[in-house]
Amino acid sequence: MASTGGLMAAEIIGAVGLILAAIVTELFRRLRKENTAAHGENGQTLKKIADTVTHIDEEVSEISDWVKDHEEMHKNGL
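Here the structure is a predicted model, which means the values were calculated and not measured. (Residues numbered from 1 in each chain as written. Predicted model: local features only at pLDDT ≥ 70, side-chain atom pairs only at ≥ 80, totals over all residues. Heavy atoms only, no water.)

J.: Can you break down the overall build of the protein chain residue by residue, with the values?
T.: Along its length, the protein chain carries one helix and zero strands. In summary, the protein chain has a C-alpha radius of gyration of 33 Å against a globular reference of 12 Å for 78 residues, an excess of more than 25%. The C-alpha extent of the protein chain, read off along each of the three principal axes, is 115 × 15 × 5 Å. Residues classed as buried in the protein chain amount to 0% of the 78 residues present. When the accessible area of the protein chain is evaluated, it comes to approximately 7200 Å², of which 66% is carbon and sulfur surface. Where the 8 positive side-chain charges of the protein chain centre and where its 13 negative ones centre are 11 Å apart. (Helix = DSSP H or I, 4+ residues; strand = E, 2+ residues; numbered from the N terminus. Rg over C-alpha atoms; globule rule 2.2 N^0.38 Å. Buried < 20%, exposed > 50% of the residue type's maximum accessible area, 1.4 Å probe, protein only. Areas by Shrake-Rupley, 256 points an atom, 1.4 Å probe, with all protein chains shown as cover. Lys, Arg positive; Asp, Glu negative; His and termini not counted. Charge placed at Lys NZ, Arg CZ, Asp CG, Glu CD.)

J.: Quick one: what's the story with a negative patch on the surface, residue by residue and with numbers?
T.: There is a patch of like negative charges on the surface, built from Asp 57, Glu 58, Glu 59, Glu 62, Asp 65 and Asp 69. If you trace the backbone, Asp 65 turns up in helix H1 (residues 2-75). For Asp 65, a relative accessible area of 44% translates into the label partly exposed. (Patch = residues over 30% accessible without salt bridge, like charges linked within 9 Å, V, L, I, M, F, W, Y side chains within 5 Å. Salt bridge = Lys/Arg side-chain N within 4 Å of Asp/Glu carboxyl O.)

What follows is the structure in structure tokens.
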């Protein structure tokens, strides 16, 4: 009879191990899904930032050109 109790304990330990493995697997699956979604959102945010920086760069270039032209105008006495 003692050996039957040992077998039962081994089966319980095995079942608990399987349940824990399933829980950990599901946890990692959810974290990966959330991580993938976050990467997508971050990519969109970075694209918006890059577009804004490009727009600012273009505006600064236009202003710089205007300032150069304006300085030339003053140098020429206008």
